[in-house]
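# Observations on the three-dimensional arrangement
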Amino acid sequence: MSRFENLRAAFAALNVPLDPAEWHGLLCGATVGGLRSPTAVLDLLEAELATVVVEAAMRGALTDIAADAAKDLARFDYGFQLLLPADESPLNLRVQALAAWCQGFLAGLGQGGGARGLSADTASALGDFAAIGRADADVDGTEEDERDFVELVEYVRAAVLVIDAELRERQARPDTKLH
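So, here is what we can say about the structure in this document. (Residues numbered from 1 in each chain as written. Predicted model: local features only at pLDDT ≥ 70, side-chain atom pairs only at ≥ 80, totals over all residues. Heavy atoms only, no water.)

## Structural notes on the side chain of E166
Heads up, the rule is: Per the convention used, a helix needs a DSSP run of H or I reaching at least four residues, while a strand needs a run of E reaching at least two, with both numbered from the N terminus. Burial classification: accessible surface area is computed with a 1.4 Å probe over protein chains only, and a residue below 20% of its type maximum counts as buried, one above 50% as exposed, and the rest as partly exposed. The positive count covers Lys and Arg only, the negative count covers Asp and Glu only, and His and the chain ends enter neither. A carboxyl oxygen of Asp or Glu within 4 Å of a side-chain nitrogen of Lys or Arg is what we treat as a salt bridge. Should any heavy atoms of two residues lie within 4.5 Å, those residues are considered in contact.
The topology assignment puts E166 in helix 7 (residues 143-172). Here E166 is buried and forms no salt bridge, its nearest opposite-charge partner R170 lying at an N-O distance of 5.5 Å. Beyond its immediate stretch of four places on either side in the chain, E166 contacts L118, S119 and T122.

So, in structure tokens, the structure goes:
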């Protein structure tokens, strides 16, 4: 079972009303936005759900995923990947998951506090994320649809890395405020 499916099963068992892709987007957005601590990201998740993840194993797993995402964002080889259903999953489910991921990213970025004063290119990319978040999952699953989906995932992945780099640079300058 994939990491995505394991997380989906764990969320279902705990009655967590969140899609794993949305959660991953939320934590990546919060991390990029300035909440670089995995614990702070998990606290954000609990605040979003108005509940506490009390099961120690689940809390540990979520913290590990948050820490992995933060490490992946900082990798020099750009190894960061979105947490989405496996390629064998129906295309409409993967499109829904990508839409949820983008919605989560935008929410997390807003919670992290780093979304103000971004460059025009970055603001445009965030507008694209909002449009993707409203994507219609009614696709035929043709080879062209598959190619388009792969290109869209790659665009989102690359845009996240660019946004992260811009915000890291801004955070590193002592004369720049995030808010």
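We are not done yet, so read on.
## Brief notes about the environment of F4
You can see F4 is positioned in helix 1 (residues 3-13). Using a relative accessible area of 1% as the deciding quantity, one classes F4 as buried. Considered as a pair, F4 and H24 are 20 residues apart in the sequence and their alpha carbons are 9.6 Å apart. Ignoring sequence-local partners within four residues, the contact set of F4 consists of D19, P20, A21, L83, L84 and P85.

## Observations concerning the packing of aromatic side chains
Which entries qualify depends on this criterion: A pair of Phe, Tyr and Trp rings is counted when the ring centres sit within 6.5 Å of each other, with Trp represented by its six-membered ring. The angle between the planes then sorts it: under 30 degrees is stacked, over 60 is edge-to-face, the rest tilted.
Under the counting rule described, the total for this entry stands at four aromatic pairs. Geometrically, the ring pair formed by F11 and W23 is edge-to-face, given 6.2 Å between the ring centres and 85° between the ring planes. With a gap of twelve residues between them, F11 in helix 1 and W23 in helix 2 (residues 20-32) connect regions that are remote in the sequence. In this structure, F11 and W23 share a single accessibility class: buried. Both rings, one in F80 and one in W101, keep their centres 6.4 Å apart while their planes meet at 55°; by these two values the pair is tilted. Taken together, the residues F80 in the loop between helix 4 (56-74) and helix 5 (91-112) and W101 in helix 5 connect sequence positions 21 residues apart. Look at F80 and you get buried, because its relative accessible area is 0%.

## What to know about the pattern of salt bridges
According to the stated counting rule, one finds eight salt bridges in the structure shown. A salt bridge links D19 to R8; the nearest nitrogen and oxygen atoms lie 3.6 Å apart. Placement of D19 in the loop between helix 1 and helix 2 and of R8 in helix 1 is noted, with a sequence separation of eleven residues between them. When its relative accessible area of 22% is taken as the criterion, D19 is described as partly exposed. R168 is the partner of D164 in a salt bridge, and the nearest nitrogen-oxygen pair spans 2.8 Å. With D164 and R168 both in helix 7 and four residues apart, this pair spans about one turn of that helix. By relative accessible area, D164 is classed as buried at 2%. Given the relative accessible area of 31%, R168 is considered partly exposed. Three or more residues are tied together by salt bridges with common partners; here these are R3, D68 and K71.

By themselves, these are just geometric observations and shouldn't be taken as functional.
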